[in-house]
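Residue-level listing of the chains:
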Amino acid sequence: MVLQHPRTEVHSRRHHAQQAVIMQQHAIIATSGILAAHVAVAEPQQPATLVITCSCSARRLTMSSSVATRAAAVEAPAAPVLPYRVGHGFDLHRLAEGYKLVIGGVEIPHTKGCEAHSDGDVLLHTVTDAILGALSLPDIGQLFPDNDPTWKGASSDIFVKEAVKKMQEAGYVLGNLDATIIAQKPKLSPHKENIRANLCKLLEAHPSVVNIKAKTHEKVDSIGEERSIGCHAVIMLIRKDMV
């Protein structure tokens, strides 16, 4: 028969008791759905400790305070000052009788016009969105919502001028603009120069950097069936100090 020293025997009993407590705590964790991030087994002469780093009610792992502190200390990167910015705009409106057809601020003789909350100028709406997109700003629908009575029947010149103002405040000028109007009818070639001249005035730009193209849709889909009119535009902005 092997006899243990009394102190060693006491330590052994205490260690077994602590292990039993830890196993009981594990069982509670498993049944309650709590995730244990760390369980520390202490030395025999110290009580065992259990560290739980998650929420019991939400059952979701939370970040320890030290990690959260380090994450908060990491600052978001400063916005880059870009020499150039490129934006794309697109718009489409239904055509219906009883409306005027206004494109680029120029009224075009036609039997139908754009059904819209404002004057429905598909080109100016597209150009506005292209500028706002280049500046990473909210789109025209967010800045001038179609459920706001302020813009009911409003001239789209207002939208373009506001976009140009934001462009200038950000330190940019127009580099160049290329727009394509898509309409089966009416024929827009006779009106292109008037449209471009008015657009240049609104953009405070030279005609050499503003291009307007007109295409049909080969009688395909709503545009080709003369039920709608669409427009695309790509724009490049340049920092003022680079011009």
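Residues numbered from 1 in each chain as written. Predicted model: local features only at pLDDT ≥ 70, side-chain atom pairs only at ≥ 80, totals over all residues. Heavy atoms only, no water.

Let us look at the overall build of the chain. Per the secondary structure count, the chain includes seven helices and 11 strands. Buried residues in the chain amount to 33% of all 243 residues. Contacts spanning at least 24 positions in sequence make up 69% of the contacts within the chain whose residues lie at least 6 apart. Total accessible area on the chain stands at roughly 14900 Å², and carbon and sulfur atoms take up 55% of it. (Helix = DSSP H or I, 4+ residues; strand = E, 2+ residues; numbered from the N terminus. Buried < 20%, exposed > 50% of the residue type's maximum accessible area, 1.4 Å probe, protein only. Contact = heavy atoms within 4.5 Å. Areas by Shrake-Rupley, 256 points an atom, 1.4 Å probe, with all protein chains shown as cover.)

What follows is about the sheet that holds strand S5 (residues 84-96). Read across the sheet, five strands follow the order S8-S5-S11-S9-S10 without closing on themselves; strand pairing throughout is mixed. Where the open sheet ends on each side, the last strands, each with one partner, are strand S8 (113-115) and strand S10 (210-215). Mean inter-strand twist for the sheet, computed between neighbouring axes without regard to direction, equals 30°. Contacts from helix H3 (residues 122-134) reach S5, strand S9 (172-182), S10 and strand S11 (228-239) within the one sheet, and its direction differs from that of S5 by about 150°. (Pairing = 2+ DSSP bridges. Axes fitted to C-alpha atoms, helices over the stretch in contact; angles between N-to-C directions.)

On to the confidence of the model for the chain, then. The predicted model of the chain averages 82 in pLDDT, with 70% of residues at 70 or higher. Throughout residues 33-45 the model reports pLDDT below 50, and contacts reaching past four residues in sequence, or to other chains, amount to 27 contacts. Across residues 47-64, where pLDDT falls below 50, the model places 33 contacts with residues more than four positions away in sequence or in other chains. (pLDDT = per-residue confidence, 0-100.)

Bridge analysis of S9 against S10 gives six bridges, and the strand direction is parallel. Each bridged residue has a counterpart across the sheet, and for Ile 182 the counterpart in S10 is Lys 215.

If you walk through the whole model with that rule in mind, you get four salt bridges. The salt bridge partner of Lys 166 is Glu 162, with a shortest N-O separation of 3.7 Å. With Lys 166 and Glu 162 both in helix H5 (residues 157-169) and four residues apart, this pair spans about one turn of that helix. By relative accessible area, Lys 166 is classed as partly exposed at 25%. (Salt bridge = Lys/Arg side-chain N within 4 Å of Asp/Glu carboxyl O.)

This part takes up the packing of aromatic side chains. Counting across every chain of the model gives three aromatic pairs. Considering the side-chain rings of Phe 144 and Trp 151, the 5.0 Å spacing of their centres and the 85° angle between planes classify their relative orientation as edge-to-face. For the pair shown, Phe 144 and Trp 151 are each scored as buried. Measuring from centroid to centroid gives 5.8 Å for Trp 151 and Phe 159, while their planes differ by 75°, and the two rings are edge-to-face. The residues Trp 151 and Phe 159 share a single accessibility class, namely buried. Among the aromatic residues, those joined into a cluster by ring pairs are Phe 144, Trp 151 and Phe 159. Directly above the aromatic system of Tyr 172 lies the positively charged group of Arg 239, at a separation of 5.3 Å from the ring centroid. (Phe/Tyr/Trp six-rings, centres within 6.5 Å; stacked < 30°, edge-to-face > 60°. Lys NZ or Arg CZ within 6 Å of the ring centre and 35° of its normal.)

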